[in-house]
Amino acid sequence: MTLLKEFILPRLIQWVVVIFIGVTITFLIPRLSPVNPVDQALGRMTTFQTMNPEATLALRETFLDLYGLEGNIFDQYLNFWRRLLVGDLGPSFGAFPTPVVRIIANSIGWTIGLLGISTLISWVLGLVLGSLAGYFPNRWWSQGLEKILITVYPVPYYILAFVLLMIFTYYFPIFPLVGGARGTPAFTWEYISSVLYFGTLPAISLIVGALAFRFIISKALTTSEKSSDYVQYAELAGLPKRKILFSYVTRNTMLPQVTDLALSLGALFEGALITEVVFGYPGLGYTLYNAVNSSDYNVIMGITLLSIVGIATASLLVDLSYPLVDPRVRYR
Amino acid sequence: MAAIRDLFRFSPSFRFGAIILAVVFGLVILSFFSPYESDDRRAVARNEPPSLEFILGTTSQGQDVFWMLTFAIRNTLLVAGLAVLIGRGVGVLLGMVSGYIGGTVDRLLSSLVDSVIVIPRLPLLILIASIMRGQMSILTLGLLIGLLDWAIPSKRYRAQILSLREREFTYTSVFSGMSVFKIVTREHLPFLMPYLLADVVSGFLFAIGLEVTLSILGLSDLDTQTIGTQIYWGNYYQALLTNRVWVLAAPIGASIIVVIGFYLASVGLSTYLDPRTRLGRLEVKTAVKEPETEPAAVTTQGVTL
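About the criteria used
Residues numbered from 1 in each chain as written. Chains lettered and ligands numbered in written order. Predicted model: local features only at pLDDT ≥ 70, side-chain atom pairs only at ≥ 80, totals over all residues. Helix = DSSP H or I, 4+ residues; strand = E, 2+ residues; numbered from the N terminus. Buried ≥ 20, exposed ≤ 12 C-beta atoms within 10 Å, placed from the backbone. Contact = placed C-beta atoms within 7 Å. Axes fitted to C-alpha atoms, helices over the stretch in contact; angles between N-to-C directions. Left-handed = near helix turned anticlockwise from the far one by under 90°. Expected span 1.5 Å × (residues − 1). Arc of directions from axis to C-beta. Core = buried A, V, L, I, M, F, W, Y, C linked by C-beta atoms within 7 Å. Parallel < 35°, antiparallel > 145°, perpendicular 65-115°, else oblique. Nonpolar A, V, L, I, M, F, W, Y, C, P; charged D, E, K, R; others polar. pLDDT = per-residue confidence, 0-100.

1. A word on the overall build of chain A
Scanning chain A for helices and strands turns up 14 helices and 0 strands. For chain A, the sequential pattern of α-helices and β-strands runs α-α-α-α-α-α-α-α-α-α-α-α-α-α. Per-residue burial for chain A yields a buried fraction of 37% across its 332 residues. The contacts in chain A between residues at least 6 apart in sequence include a share of 72% that link residues at least 24 apart.

Laid out in structure tokens, this is it:
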């Protein structure tokens, strides 16, 4: 009972608070803006296409309903929550009657596939390389690797992805320019191999970007862990270095690393916006970008909310699993 | 001042970073002496590759890429500077209130900060920017980035202040009757300044990255020259497909150089601030006097990071 009351409950409350604040911010932003989003969006839509008056009226109703510009702000806020709790994110304005939920469902698979795999690869690679470089700081390979990754790390991700794209699709056309796959979705080798082929370059860019960060963190942690007494003891006892490094040192640096992994997996729902835009990959980020370009507020809000819930839930799970990963953290 | 001299002497990364940043600020100053206005079109011959006359070539709109770049760097740094000022201002204030007052206020503020840290910033920024599209100036962009980047600094300052509060010299000054204001400004601020400095530099890094990203997506003020908008227009006029790589290469190269400059400087600063490596640095000093000291060679590894 104390476990529930003193450990789980406060974290659950924190989770609720995070989602509450996130949703409230998403609710308030369109209202704080100096422009009337309804008229602006309507105006923009009718500039580019002619719509029949009924559709325009229906659209205006939906806009008004969505932003809840009728009634006072408190009613609007309650309404917003009521729709949210039943999973109703409203229709998309870009593809009018299609519900936002379905648009998100169509693209989320691509994102989870691409980001999930590349996040895991970069995490493992960064952890192993960083530990090795931290344990053997004077070898030529560790110093070379460090110099390269330290140069890559601060470069804005867009620039990295764009340069990769320029090199590998324009100067040396090894990889395809845009898209997620070729052919119709089917469980055939042809289709699956084209998914892999199209996904390789975006995945490489993601892995390189994330690897640099993971490497730097992991090296710093290993360097400070290496000066512990037990490492010296193990070295004096003549244990093989590989065993000291991977069975003891790396295990002790795991806690923050696992936290980061869980948080970045939670950030999957945000989509790799920039990756997907640069490589024209049909995931959540690309959908978000298109929604931004066509002022499809319902889709933008849907994805923003999804990413807030994703990250909040990931950090809740991380908090709850701390005692499992690290015996030093006790239920308090 | 002594700290900066030490950094120059013992931290190669700070030295390189500072030199790069000096060049960057040189370009910013140069922008005030530009022969063209920042939005001049057809001021020079079009589509010239880099040559002696046009160091970095010209665009298809007849702009000199080099002078464009000086404006771009100035405006990008302006956005980043504003963002850092606001973000750190809010962060320091909240951190101080939370750390000094403590109790219920601290608990409320901390849980607020913890919640804000978790909220993803890029989608939120995109949502705001897409609503404000057309009305966005580079100043509002800086303001927005700043308003989204105060939670992590404030947490860090709170932790710093909590540890300063428990130090013995704080008790000594309290017992000898110093006023709270004086303790904060005279005793604690000197400890916080270096952290603020390192934090400011990394804040610049974050804000420059965001500015470039948002501008390339076409979400900022596209009429103002920034590094991001320069890439945006380069893409817009198909610089790559028409084989005019220099139009894109200049801002891409500039963005890489600027962030690496800031990053190296911040690495130098934070290694300097880390008490463990500071110990190493002190040993470096003794090692300079007595070259035969063996362990110094090992501990300097941290400094050369």
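2. Observations regarding the overall build of chain B
Tallying secondary structure elements over chain B gives 13 helices and 0 strands in all. Element order for chain B, N to C, with α for helix and β for strand: α-α-α-α-α-α-α-α-α-α-α-α-α. Across the 305 residues of chain B, 44% fall into the buried class.

3. Concerning the interface of chain A and chain B
Each side of the interface is counted separately: chain A has 40 residues, and chain B has 30 residues. At the level of elements, helix 1 (2–32), helix 7 (157–171), helix 12 (273–279), helix 13 (284–293) and helix 14 (297–325) of chain A are the ones that each hand at least two residues to the side of chain A that touches chain B.

4. A closer look at the packing of helix 3 (residues 65–101) of chain B against helix 4 (residues 103–118) of chain B
All names here are of chain B. Helix 4 packs onto helix 3 with a crossing angle of 140 degrees between their chain directions and a minimal axis gap of 7 Å. Classified by chirality, the crossing of helix 4 by helix 3 is left-handed. Taking contact as the criterion, the partners of Leu94, Val97, Ser98 and Ile101 in helix 3 are, on helix 4, Gly103, Val105, Asp106, Leu109, Ser110 and Val113.

5. Comments concerning helix 10 (residues 241–252) of chain A
Residue and element names in this part refer to chain A. When the terminal C-alpha atoms of helix 10 are compared, their 16 Å separation across 12 residues agrees well with the 16 Å that a helix rising 1.5 Å per residue should span. Listed as buried for helix 10 are Leu245, Val249 and Thr250. Taken around the axis of helix 10, the buried residues stretch over an arc of 90 degrees, which confines them to a single face. Seen from the buried face of helix 10, the exposed residues on the opposite side, beyond 90 degrees, are Lys243, Ser247 and Arg251. Turning to helix 10, the residues buried within the fold contact helix 5 (100–135), helix 8 (189–226), helix 9 (229–236) and helix 11 (254–266).

6. Let's talk about the nonpolar core
Looking at soluble globular proteins, one finds that nonpolar side chains tend to be buried together. Counting residues in each nonpolar core, the largest one holds 133 residues, and the members touching the most others are A:Tyr158, A:Leu288, A:Ile300, B:Leu125 and B:Ala207. Looking at which element gives the most residues to this core, the answer is helix 11 (residues 245–273) of chain B, with 16 residues. Residues within four places of A:Tyr158 in sequence aside, it is in contact with A:Ile274, A:Val278, B:Val212, B:Thr213 and B:Ile216.

7. Regarding the packing of helix 5 of chain A against helix 13 of chain A
Residue and element names in this part refer to chain A. Axis separation between helix 5 and helix 13 bottoms out at 7 Å; the angle between their running directions is 135 degrees. It follows from the interaxial angle that helix 5 and helix 13 lie oblique. For the pair formed by helix 5 and helix 13, the contact residues are Ile103, Ile104, Ser107, Ile108 and Thr111 on the first element and Leu284, Gly285 and Thr287 on the second. Within the contact of helix 5 with helix 13, the residues separate by chemical class into 4 nonpolar, 4 polar and no charged.

8. Observations regarding the confidence of the model for chain B
Averaged over every residue, the pLDDT of chain B is 78; the share at 70 or more is 88%. Ignoring residues within four places in sequence, the model shows residues 285–305 of chain B, a span with pLDDT below 50, making 25 contacts including any to other chains.

9. Some words on the environment of B:Glu53
Residues and elements named next belong to chain B. Summarising the element assignment, glutamate 53 is placed in the loop between helix 2 (12–31) and helix 3. We classify glutamate 53 as exposed; it has 11 C-beta atoms within 10 Å. Along the backbone, glutamate 53 and valine 184 are 131 residues apart, and their C-alpha atoms lie at a distance of 56 Å.

10. Some details on helix 2 of chain B
All names here are of chain B. A rise of 1.5 Å per residue sets the reference length of helix 2, with its 20 residues, at 28 Å; its end C-alpha atoms lie 29 Å apart and thus fit the reference within 8%. For helix 2, every residue scored as buried is listed here: Ser13, Phe14, Gly17 and Leu27. Axial view of helix 2: buried residues confined to an arc of 140 degrees, hence all on one face. Those residues of helix 2 that are exposed and aimed more than 90 degrees away from the buried face are Ala22, Val23, Gly26 and Ile29.

11. Things to note about the environment of A:Pro53
All names here are of chain A. By the secondary structure assignment, proline 53 is in helix 3 (residues 53–67). A residue is classified by how many C-beta atoms lie within 10 Å of it, and proline 53, with 7 of them, is exposed. Along the backbone, proline 53 and proline 91 are 38 residues apart, and their C-alpha atoms lie at a distance of 18 Å.

12. As for the environment of A:Ile104
All names here are of chain A. Its location among the elements puts isoleucine 104 in helix 5. Among the residues examined, isoleucine 104 registers 21 C-beta atoms within 10 Å and is labelled buried. Separated by 52 residues in the primary sequence, isoleucine 104 and asparagine 52 place their C-alpha atoms 27 Å from one another. The contact partners of isoleucine 104, leaving out residues within four places of it in the chain, are Leu284, Gly302, Ile303 and Leu306.

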